[in-house]
Amino acid sequence: TRGPAPRLTVIGTGYLGATHAICMAVLGFDVLGVDVDPDKIERLGSGEVPFFEPGLPELLAKALDTGRLRFTTSFEDAGEFGDIHFVCVGTPQQQGSYAADLTYVDGAVTELARHLRRRALVVGKSTVPVGTAARLTELVQRTAPAGTDVELAWNPEFLREGYAVDDTLRPDRLVFGTQSPWAEEQLRAAFAPVIEQGTPVVVTDLPTAELVKVAANSFLATKISYINAMAEVCEATGADVTGLAQALSYDDRIGGRFLRPGLGFGGGCLPKDIRAFSHRAEELGVGQAVSFLREVDAINQRRRARTVDLVRELAGGDLAGVRVTALGAAFKPNSDDIRDAPALDVARTLHRAGAVVTVVDPAATGNARRAYPELTYGTDVLGAAAGADVVVLLTEWTEFREIDPQAMGAVVAGRRIVDGRHALDPVRWRAAGWEYRAL
Ligand code: UGA
């Protein structure tokens, strides 16, 4: 039997924190979401999820209905309310450096520690350079009011955008970096409903817990760049990288996931995480151990350049004045996130080379328009494609996979398409009279 359920706070209600807070409330905990941004708090409190994530708005409504989920900007409330405090603020790449920017983590932990009034466990979930948790342990102990019993633990998060709810409610593993049996007990209580489903739990120390996250993301990035490196070799030999990837995938030691060749990875995590990891490893004097991550990054960047080249080739060698329809802006389907989006990187390079680019995306055009007002944005696929010289598929939304090449051919006189994600059936498109090229 379980003891009384711990009361949880979630500090930082961005992508990770909002999802975590909502899911924990749905699992039956009393949860207080905390953020310095009053607008975000206001929107979440009134039932609005400030970003696109399938299934999350419904769960937010449900959680608010139960009365178990509240939002505040007050760290004082947080300190009074919580037994366990999850720190979920962002760690973006620093301007002009590969290092992670820890300003938000340090700020949130300091502000929280100052307002702790009773025994508490502070749990970091943010992705941080290894060694940060040890430093924060000291910071918390130095900052918390004298006599307050407070400990720090680390619990990395592996959720994917677009599948955030499922990944949170049914994760494939839980990792607890702890410094005492008490901290482990607290974390086991906070995740009891998840653990009861049979989810494996790895209990370890702080540096291992921090490293698991970057090691996992580095592996995934490496896998993607590996198949994209093979794509470069295939292109030089006339071999077919999709057939190659398929044949590799049947070896279950390799597996087919994250082995889709194409335009490569982007988003707020993989690119900055491999860079921050390289940077941290160099600081620790073991840069050589992960020097291959530089190559992983370089292969990934070359995909973007190669996509631009293919569009240029199809356009006859010069992009000036060429009308290009870009299918996709988000860094991946089922997301409105445009952070380091390969799609927009390609669209902007085409634009700078003189092409007239119209971007269409089912969810991300609002964000894209705010960030890159120089591009033109369409609302529907056929409308955006009308009159194009070249169409380029950059994000593999289902809506784009299902485009009828005949219908699109009726509005695109040139019938030239670059498939940046191997998302279309070349046979079908060629049969409909299209010149089809893929990476
Ligand atoms: C990634 C990890 O998958 C999560 O486990 C992790 O928790 C998260 O980062 C994070 O650190 O917070 P996410 O960035 O949401 O999740 O997106 P992914 O689904 O991993 O896709 C990343 C990029 O790789 C996308 O641009 C996608 O298009 C690309 N990709 C993925 C490929 O190019 N090929 C593939 O085969 C798979």
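Thresholds, definitions, all that
Residues numbered from 1 in each chain as written. Predicted model: local features only at pLDDT ≥ 70, side-chain atom pairs only at ≥ 80, totals over all residues. Helix = DSSP H or I, 4+ residues; strand = E, 2+ residues; numbered from the N terminus. Rg over C-alpha atoms; globule rule 2.2 N^0.38 Å. Buried ≥ 20, exposed ≤ 12 C-beta atoms within 10 Å, placed from the backbone. Expected span 1.5 Å × (residues − 1). Arc of directions from axis to C-beta. Contact = placed C-beta atoms within 7 Å. Near = placed C-beta within 6 Å. Domains from an automatic or database assignment. UniProt positions renumbered as here; feature names shortened; annotations may be inferred. Axes fitted to C-alpha atoms, helices over the stretch in contact; angles between N-to-C directions. Parallel < 35°, antiparallel > 145°, perpendicular 65-115°, else oblique. Left-handed = near helix turned anticlockwise from the far one by under 90°. Nonpolar A, V, L, I, M, F, W, Y, C, P; charged D, E, K, R; others polar. Pairing = 2+ DSSP bridges. Right-handed = clockwise from strand over helix to strand, strands pointing away.

Draft legend 1. Layout of the overall build of the protein chain. Of the regular secondary structure elements, the protein chain holds 19 helices and 14 strands. In terms of overall size, the protein chain behaves like a compact globule, its C-alpha atoms giving a radius of gyration of 24 Å where 439 residues would be expected to give roughly 22 Å. In terms of overall dimensions, the protein chain has a C-alpha envelope of 75 × 50 × 40 Å along the principal axes. Out of the 439 residues belonging to the protein chain, those deemed buried represent 48%.

Draft legend 2. Quick peek at helix H6 (residues 132–143). Its twelve residues give H6 an end-to-end C-alpha distance of 16 Å, which sits within 8% of 16 Å, the value for a rise of 1.5 Å per residue. Thr-132, Ala-133, Leu-136, Thr-137 and Val-140 are the residues of H6 that are buried. Along the axis of H6, the buried positions cluster into a sector of 140°, meaning they face one direction only. H6 presents Glu-138 and Arg-142 as exposed residues on the side facing more than 90 degrees away from its buried surface. Where H6 is buried, its residues contact helix H5 (103–114), strand S5 (120–124), strand S6 (150–154), strand S7 (174–177) and helix H10 (206–237).

Draft legend 3. Representation of the site of the ligand in the model. Surrounding the ligand, one finds 21 residues, the nearest of these being Glu-161, Arg-260, Phe-265, Gly-267 and Cys-269. Looking at which domains feed residues into the shell around the ligand, each of domain 1 (8–204) and domain 2 (214–297) gives three or more.

Draft legend 4. Looking closely at the UniProt feature "domain: UDP-glucose/GDP-mannose dehydrogenase C-terminal" (unreviewed entry) in the protein chain. On the UniProt side, "domain: UDP-glucose/GDP-mannose dehydrogenase C-terminal" (unreviewed entry) is annotated at positions that read residues 325–426 here. The span residues 325–426 is 34% helical and 18% strand by assignment, and the distance between its end C-alpha atoms comes to 18 Å.

Draft legend 5. Up close: the packing of H5 against H6. The interhelical angle for the contact between H5 and H6, taken along N-to-C directions, is 30°, at an axis separation of 9 Å. It follows that H5 is roughly parallel to H6 by the angle criterion. As H5 packs across H6, the resulting crossing turns out to be right-handed. From H5, Val-105, Val-109, Thr-110, Ala-113 and Arg-114 reach across to H6, where they touch Thr-132, Leu-136, Leu-139, Val-140 and Thr-143. Per-class residue counts for the contact of H5 with H6 are six nonpolar, three polar and one charged.

Draft legend 6. Region of the structure containing the sheet that holds strand S14 (residues 435–438). Strand order in the open sheet formed by six strands is S11-S10-S9-S12-S13-S14, with parallel pairing between adjacent strands. With one partner strand each, in any of the chains shown, strand S11 (376–377) and S14 form the two edges of the open sheet. Across four bridges, strand S13 (residues 416–419) lies against S14 in parallel orientation. Note on S14: the bridge partner recorded for Asp-419 is Ala-438. Sitting on the sheet, helix H14 (residues 342–352) is in contact with strand S9 (323–327) and strand S10 (356–360), with an inclination near 160° to S10.

Draft legend 7. Representation of the domain arrangement of the protein chain within the structure. What the domain assignment lists for the protein chain is domain 1 (8–204), domain 2 (214–297) and domain 3 (303–438). Averaged C-alpha coordinates put domain 1 and domain 3 at centres separated by 38 Å. Facing the five residues of domain 1 at the interface are seven residues of domain 3.

Draft legend 8. Seen up close, the pairing of strand S1 (residues 8–11). Neither face of S1 is left uncovered, since the one carrying Leu-8 and Val-10 and the one carrying Thr-9 and Ile-11 both have all their residues buried. Inspection of the sheet shows S1 paired to strand S2 (residues 31–34) by four bridges, in the parallel sense. Residue Thr-9 lies in a different strand from S2, and its bridge partner there is Leu-32. Tracing the backbone out of S1, into helix H1 (residues 15–26) and back to the parallel element S2 gives a crossover that is right-handed.

Draft legend 9. Highlighting the packing of H10 against helix H13 (residues 292–314). Viewed as axis vectors pointing N to C, H10 and H13 meet at an angle of 50°, and their least axial separation amounts to 9 Å. Here H10 lies oblique to H13, going by the angle between them. Between H10 and H13 the crossing geometry is left-handed. Counting all contacts with H10, which are made through Ser-218, Ala-221, Thr-222, Ser-225, Asn-228 and Ala-229, the residues of H13 involved are Leu-293, Val-296, Ile-299, Asn-300 and Arg-303. A class-by-class count of the residues in the contact of H10 with H13 yields five nonpolar, five polar and one charged.

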